[in-house]
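# Structural overview for review
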Amino acid sequence: MPTEDLQKLSEEVSSCHRCALRNTARGVVFGEGLATSRIVFCGEGPGAEEDRQLRPFVGPAGQLLDKMLAAMGLDRNHTAYILNAVKCRPPDNRTPFPEELLQCRPHLDAQLRLLRPAIVVLLGATAIQSFLGPEARVTRIHGTWHREQDMWLMPTYHPAALLRNPQWKSFAWNDLKQVIDKYREIVDPNHVTIHYPKSTTK
Ligand code: URA
């Protein structure tokens, strides 16, 4: 069962000391949501509030992410799964180093093997680079589909970047509308969101 398997993996990852991030973080923020979800949202790594609560996206960026999910007709408990490229908070919220991304990648891969999502939304540069390589730039590739194993990957802006640059929100919404289209195409043809009714999608 994916729920129990994820719980077991979460316990294993909680004792990880592969990199030095675990020395300064309060704990591992594994991820949360519906274990059988077909859609996963991947951020960068925990911030201060996430490290305090050991839950992903519970600070200001998380509040915006919840609104983005709601606009898509999704929510973190019932239809989506939320995780990060690195599971421990980098000191002072610095960007994770490439080695830290690599060290944490097996945990992410193990999670994805259990979750088996159809769609992964990559939120911001760090998540994008963890999947698509160090040269990938959000400004250039947001809104374009990528295929990896059985997953459709959609790079878009990180909610924290959208809080700093609200003028990018319309770009992000266009990306997310493509995600809703794909979700309707391959997961649930009857998926409803009043913000993007089905009749306007084609
Ligand atoms: N930013 C992220 O990338 N992940 C979180 O969990 C919180 C903020």
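Cut-offs and rules
- Residues numbered from 1 in each chain as written.
- Predicted model: local features only at pLDDT ≥ 70, side-chain atom pairs only at ≥ 80, totals over all residues.
- Heavy atoms only, no water.
- Axes fitted to C-alpha atoms, helices over the stretch in contact; angles between N-to-C directions.
- Helix = DSSP H or I, 4+ residues; strand = E, 2+ residues; numbered from the N terminus.
- Parallel < 35°, antiparallel > 145°, perpendicular 65-115°, else oblique.
- Contact = heavy atoms within 4.5 Å.
- Nonpolar A, V, L, I, M, F, W, Y, C, P; charged D, E, K, R; others polar.
- Near = heavy atom within 4 Å.
- Polar contact = N/O pair within 3.5 Å; in protein donor to acceptor, adjacent residues only side chain to side chain.
- Areas by Shrake-Rupley, 256 points an atom, 1.4 Å probe, with all protein chains shown as cover.
- Disulfide = S-S within 2.5 Å.
- Salt bridge = Lys/Arg side-chain N within 4 Å of Asp/Glu carboxyl O.
- Buried < 20%, exposed > 50% of the residue type's maximum accessible area, 1.4 Å probe, protein only.
- Pairing = 2+ DSSP bridges.
- pLDDT = per-residue confidence, 0-100.

### A word on the packing of helix H5 (residues 98-115) against helix H6 (residues 124-132)
With their axes 11 Å apart at the nearest point, H5 and H6 run at an angle of 80 degrees to one another. Here H5 is positioned roughly perpendicular relative to H6, judged by the angle of their axes. Between H5 and H6, the contacting residues are Leu101, Arg105, Leu108 and Leu112 on the first element and Thr126, Ser130 and Phe131 on the second. Of the residues in the contact of H5 with H6, the class split is 4 nonpolar, 2 polar and 1 charged.

### Quick notes on the site of the ligand
Around the ligand, a shell composed of Gly43, Glu44, Gly45, Glu50, Pro56, Phe57, Asn84 and His158 is seen. With respect to the ligand, the backbone of Gly45 contributes an N or O atom lying 3.0 Å from a nitrogen atom. Phe57 is positioned with one of its backbone polar atoms (N or O) 2.9 Å from an oxygen atom of the ligand. Coverage of the ligand by the protein amounts to 92% of the 240 Å² it exposes when considered alone. Per-class residue counts for the shell around the ligand are 2 nonpolar, 4 polar and 2 charged.

### Considerations on the state of the cysteines
All told, the structure shown has 0 disulfides when counted by the stated rule. Free of any disulfide, Cys16 has its nearest neighbouring cysteine sulfur in Cys104, separated by 6.4 Å. Not part of a disulfide, Cys19 finds its nearest cysteine sulfur in Cys88, a span of 6.3 Å.

### A few points about the pattern of salt bridges
Under the defined criterion, the tally for this structure stands at 7 salt bridges. Between Glu49 and Arg52 there is a salt bridge; the shortest N-O distance is 2.9 Å. Of the two residues, Glu49 and Arg52 are both situated in helix H3 (residues 48-53); the distance of 3 residues between them amounts to about one turn of the helix. The partner of Arg76 in a salt bridge is Asp66, with the nearest N and O atoms 3.0 Å apart.

### Let's talk about the pairing of strand S2 (residues 39-43)
The side chains of a regular strand alternate, first on one face of the sheet and then on the other. S2 sits mainly inside the fold: 5 of its 5 residues count as buried. Of the two faces of S2, the one carrying Ile39, Phe41 and Gly43 and the one carrying Val40 and Cys42 are both buried. Here S2 pairs with strand S4 (residues 119-123) via 4 bridges, running parallel. Bridge assignment links Ile39 to a residue of S4, and that residue is Ile119. Across 4 bridges, the pairing between S2 and strand S3 (residues 81-84) is parallel.

### With respect to unusual backbone geometry
One non-glycine residue, Leu54, lies in the positive phi region at around 55 degrees. With respect to the helices and strands, the residue Leu54 is situated in the loop between H3 and helix H4 (60-71). Although it is not a glycine, Asn93 sits at a positive phi angle of roughly 60 degrees. The topology assignment puts Asn93 in the loop between S3 and H5. Exposure remark for Asn93: the relative accessible area of 43% places this residue in the partly exposed category.

### With respect to the packing of helix H1 (residues 2-14) against H5
Where H1 contacts H5, the two axes come as close as 10 Å, and the packing angle between them is 170 degrees. Judged by the angle between their axes, H1 and H5 are roughly antiparallel. Contact residues: Pro2, Asp5, Leu6, Leu9 and Val13 in H1; His107, Ala110, Gln111, Leu114 and Leu115 in H5. In the contact of H1 with H5, the residues fall into 7 nonpolar, 2 polar and 1 charged.

### Considering the confidence of the model for the protein chain
With 99% of its residues at a pLDDT of 70 or more, the protein chain shows a mean pLDDT of 96. Across the protein chain, S4 holds the top mean pLDDT of 99, while H1 sits lowest at 95.

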